[in-house]
Amino acid sequence: MNQPSYNIQYSQQSDFSQYWLMLKRRGIPAGLTFLAVLSIALLQAFQEKPTYEAIGQLKFEESQRSSKLIGLDSAVDEESKQQSSLRWQRSLDTEILAMKSPVQLNILSSIIENQGLFSRPSIEEIKSGLEISQLADTNVVQIRFKSYNPNFSKEIVNQLMQQYVESKPKSKQASTHSAISFIEKQLPQVKQRVNIAETELRKFKETYQITDLEIAKSANATNLSQLQTLLDEIDRELVEVQTQQLKLQNMLRLNPQQALIGISTSHTSISTSLEEIDKQIAEAKSNYQQDHPVVLELIERRSQLNLLLNQKMEQSAQSNAQLNFVPDQKDDLRSQLIQLDIKRKGLSQQRLKLRQQLSRYRQQAKNLPQIEQRQKELERTAKASTSTYQNLLAQIQELKVTENQSPLTVSVLESAADPDPSKTTYISASMRGGLAGILLAAGVVYVLERIDRKLKSKDEIRQVYPYRVLGEIPLFNESESELSKLPTLSDSSSHFSEAYRMLQASLKFLGLEQSPRVLMTTSAIAQEGKSTTCANLAVSLAQMNHKVLLIDADIRLASQHHIWELRNQNGLTHVLLNKHVEDHQALPTHQVMDNLEVITAGRISSNPLPMLESEQFASFVQTQMNNYDYILIDAPPLVSVADPLVIGKVVDGILLVARPGHLEREYAQKAHELLTHSSLAILGTVINGIIETNEPYSYYSHYGRYTSQDETMTRNGFIKQVIPK
């Protein structure tokens, strides 16, 4: 028989509801914890001795600025003024630490002892009751001392203020003189560092001939651009001269030196002068701009020499025949060749000078970043040294003025008066104790909840058992009388009886193809009410005119005969051992009411598993289905023995009974694991013994009887009759 699967969704309770339920469950220990803490707090307040707190105040005033006195305050910038104000605020913290120092407290202890009014207090005793703090946004320091003696508290505060006021000027003058001596020793060394830094910076600028790095970088970039342009023009002009010279050499078949031999002496001297002038022009252009007077003068001289040379060449040409290439008629061509050669040499010399100059400027541009970095380092060093020297000079001037004027002014603003007693009131003690009690009680509740592993509500059971809930049975009182375990008989109109009727009604609406007729009730552990649930379900079915057979299969620990107050001499074991499985008349049944018969467990056996696993038991159950509408089998707990897993194979479905407040989580998980692995048909869960105080809601309290409140409960229908066979 396949187990139906259900998709069950559980409503989640709010956190507040969870906490409230936990508090209701643990109300007694939580209440006791709260009362204990509150009582302790009140007892401490009752036994507490009154304390006396004396309060005094010191006023600190900053002396007039020495820079203002000597007329230098205008030279101090706003940032320096703010830093001075910040230092003054921080000095108050220093003064407070000084007043609480062991040296100061030791002096105070000696003063108290010398007065003879009190014994010498220890430093730890003074520290424990002393509190010194600065009042907000003021220059006032408040001194508090707390003890059990009012006169001692007052004396401590007043003596501490008086002693500090008297000792402050002396310590201030001593510290000022010490600071002046230190600065005077440092001044020569700082001045020497300033001189060294300035000398290194001056030598650096003289070495690299730099007054302004930005101007030097701009001039270097301009020179590089101009030199490159000039070099490009000279290269282009040199190519043209070389081309013309090569053409004349091919025509005359002479080189410039050979052509120079055939020129007259005057021509030769003029050519020599032109060559010298071209060299001078090339050198001048490499050192000066194009419009420089030196360059312009040399160009003018070359023009005159060229004019003179041309005149000589024309005169020589007129005296010779023009188209004859005899040696004396070629002077004009030779002169042109010589002139081109001179020009070529001048251009080559000028190009060499320009390249050398361009190389120097490029090297200078490459070295400028390193020069700039080094210059900045030297400037920073010189500036830092100069700033330090100037600060020391300003400080020593201010300290010298301060040394001769009044130091930081400290005065007693308010002396300590006779203190009033202070004691914790019962109201404040109750508030503190109540708060601590609430917190501790909450901790106790939390610890108890963590320790307790029981499933306390039906929602917690649903989380462990993922089965459909077929019935919810409220908790009812079970007295010593077994009749109280059968509310369906003792009070059929109660909401307990109605809960069992809802259970038997749920069995008819499971949505199965065939309604289950053979049912087994079991639980994870003992004392969960499985036997009571089985008995009341049988009564409820019988009251609905169904013929029911109730079998007690818990042979190890039988209980149905106690519930029905029957004799247990013959029962299920007698039937199985004697193999009376087919003769219905021979069965030891007990008719306890109309339509309901009970077969007790019979003789107790320590190992009934072979009998329950035998074919006789399965055949017996199958045979009785012909005689009854329903067969209910009360089986042992799942975790204890293997009997219910064996019985579950012969039934149509299993009802798993779970009791909140009794079932522990680990046992429930184990039972669920056993049922899952066994693949038995689980019809659903019956939550038995629901405690209303553990649930966030309950509808049983709103349930009303259908009959009158004065109606007498019917208890006469309880029939105990053994049918003779």
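Keep in mind it's a predicted model, so treat the numbers as computed, not measured.

**Observations concerning the overall build of the chain**
Helix and strand counts for the chain come out as 23 helices and 14 strands. In the chain, which comprises 725 residues, the proportion classed as buried is 41%. Partitioning the contacts of the chain with sequence separation of at least 6, the portion at a separation of at least 24 is 82%. Carbon and sulfur atoms form 51% of the exposed surface of the chain, whose accessible area is close to 40,600 Å².

**A few points about the packing of aromatic side chains**
Inspection of every chain in the model, using the stated rule, returns four aromatic pairs. Clustering of aromatic rings is evident, with ring pairs tying together F118, F145 and F152. Sitting over the face of the ring of Y148, K49 holds its NZ or CZ atom 4.7 Å from the ring centroid. Taking NZ or CZ as reference, K547 lies 5.4 Å from the ring centre of Y628, over its face.

**Topic: the nonpolar core**
Among the nonpolar cores identified, the biggest contains 45 residues, and Y465, L572, I633 and I647 are the most heavily contacted of them. Ranked by size, the runner-up nonpolar core spans 34 residues in total, among them L486, L503, V598 and L683.

**As for unusual backbone geometry**
Phi is positive for E565, which is not a glycine, with a value near 55°. Turning to its location among the elements, E565 is positioned in the loop between helix 18 (560-563) and helix 19 (572-578). Phi angles above zero are rare outside glycine, and N595 is one such case at about 70°. For N595, the position within the fold is in the loop between strand 9 (590-593) and strand 10 (596-599).

**A short note on the pattern of salt bridges**
The final tally for this structure, using the stated rule, is 15 salt bridges. Across the pair R462 and D459 runs a salt bridge whose closest N-O atoms are separated by 2.7 Å. With R462 and D459 both in helix 14 (residues 458-464) and three residues apart, the pair spans about one turn of that helix. The same class applies to R462 as to D459, namely buried. With a closest N to O distance of 2.8 Å, E472 and R462 form a salt bridge.

**What to know about the confidence of the model for the chain**
For the chain, per-residue confidence averages 78 on the pLDDT scale, and residues scoring 70 or more make up 77% of the total. Within the chain, strand 14 (residues 721-722) has the poorest average pLDDT of any element, 36, and strand 11 (residues 630-634) the best, 97. pLDDT under 50 marks residues 1-13. Its contacts with residues more than four places away, or in other chains, come to 26 contacts. Note that pLDDT drops below 50 for residues 65-72; the model gives that stretch 17 contacts with residues more than four away or on any other chain.

**What about the environment of Q134?**
Position of Q134 relative to the elements: it lies in strand 2 (residues 130-134). Along the backbone, Q134 and I96 are 38 residues apart, and their C-alpha atoms lie at a distance of 8.2 Å. Polar side-chain contacts of Q134 include one of 2.8 Å to the backbone oxygen of T138.

**Some words on helix 23 (residues 665-678)**
Between its first and last C-alpha atoms helix 23 spans 20 Å; for 14 residues at 1.5 Å apiece the expected length is 20 Å, and the two agree. Considered for burial, the residues of helix 23 that qualify are A668, A671 and L675. Along the axis of helix 23, the buried positions cluster into a sector of 60°, meaning they face one direction only.

**Section: the packing of helix 16 (residues 495-506) against helix 17 (residues 530-543)**
It is at 9 Å that the axes of helix 16 and helix 17 come closest, and there the two elements cross at 75°. Considered as vectors, helix 16 and helix 17 are oriented roughly perpendicular to each other. Contacts from Y500, R501, L503 and Q504 in helix 16 reach T532, T533, N536, L537, S540, L541 and Q543 in helix 17. For the contact of helix 16 with helix 17, a count of residues per class yields four nonpolar, six polar and one charged.

**Things to note about the side chain of T533**
If you trace the backbone, T533 turns up in helix 17. A polar contact of 2.7 Å, which involves the side chain of T533, links it to the backbone oxygen of G529. Excluding residues within four positions of it along the chain, T533 makes contact with Y500, L503, V657, V686 and N688.

**Side note on a nonpolar patch on the surface**
Taken together, the side chains of L43, F46 and Y426 define a hydrophobic patch exposed on the protein surface, amounting to about 350 Å² of accessible area. Relative to the helices and strands, F46 resides in helix 2 (residues 27-47).

**Details of the side chain of T573**
Position of T573 relative to the elements: it lies in helix 19. The class of T573 is buried, set by a relative accessible area of 2%. A distance of 3.0 Å separates a polar side-chain atom of T573 from the backbone nitrogen of R603. T573 has contacts with I555, A601, G602, R603 and M611, leaving out every residue within four places of it along the chain.

**Re the pairing of strand 13 (residues 682-690)**
Among the nine residues in strand 13, nine count as buried, and that is most of the element. Taken together, the five bridges between strand 6 (residues 469-474) and strand 13 define a ladder with parallel strand orientation. Each bridged residue has a counterpart across the sheet, and for V469 the counterpart in strand 13 is T685. As paired strands, strand 12 (residues 653-658) and strand 13 are joined by five bridges and run parallel to one another. Residue pairing for strand 13: A658 is matched across the bridge by I687. The handedness of the strand 12 to strand 13 crossover, carried by helix 23, is right-handed.

**Some remarks on helix 2**
The terminal C-alpha atoms of helix 2, which comprises 21 residues, lie 30 Å apart, in line with the 30 Å expected from a rise of 1.5 Å per residue. Those residues of helix 2 not exposed but buried are A30, T33, V37, L38, A41 and A45. Along the long axis of helix 2, the arc covered by the buried residues comes to 125°, so they all point the same way. For helix 2, exposure combined with an orientation more than 90 degrees from the buried face picks out I28, L32, F46 and Q47.

**Remarks on the packing of helix 2 against helix 13 (residues 426-451)**
Helix-helix packing is described using two parameters, namely the angle between the two axes and the distance between the axes. Contact geometry for helix 2 and helix 13: axes closest at 7 Å, N-to-C directions at 150°. Our classification of the angle between helix 2 and helix 13 gives roughly antiparallel. With respect to the hand of their crossing, helix 2 and helix 13 are arranged in right-handed fashion. The residue makeup of the contact of helix 2 with helix 13, split by class, is 18 nonpolar, five polar and no charged.

Here is what the cut-offs are and how they apply
Residues numbered from 1 in each chain as written. Predicted model: local features only at pLDDT ≥ 70, side-chain atom pairs only at ≥ 80, totals over all residues. Heavy atoms only, no water. Helix = DSSP H or I, 4+ residues; strand = E, 2+ residues; numbered from the N terminus. Buried < 20%, exposed > 50% of the residue type's maximum accessible area, 1.4 Å probe, protein only. Contact = heavy atoms within 4.5 Å. Areas by Shrake-Rupley, 256 points an atom, 1.4 Å probe, with all protein chains shown as cover. Phe/Tyr/Trp six-rings, centres within 6.5 Å; stacked < 30°, edge-to-face > 60°. Lys NZ or Arg CZ within 6 Å of the ring centre and 35° of its normal. Core = buried A, V, L, I, M, F, W, Y, C linked by side-chain atoms within 4.5 Å. Salt bridge = Lys/Arg side-chain N within 4 Å of Asp/Glu carboxyl O. pLDDT = per-residue confidence, 0-100. Polar contact = N/O pair within 3.5 Å; in protein donor to acceptor, adjacent residues only side chain to side chain. Expected span 1.5 Å × (residues − 1). Arc of directions from axis to C-beta. Axes fitted to C-alpha atoms, helices over the stretch in contact; angles between N-to-C directions. Parallel < 35°, antiparallel > 145°, perpendicular 65-115°, else oblique. Nonpolar A, V, L, I, M, F, W, Y, C, P; charged D, E, K, R; others polar. Patch = residues over 30% accessible without salt bridge, like charges linked within 9 Å, V, L, I, M, F, W, Y side chains within 5 Å. Pairing = 2+ DSSP bridges. Right-handed = clockwise from strand over helix to strand, strands pointing away. Left-handed = near helix turned anticlockwise from the far one by under 90°.

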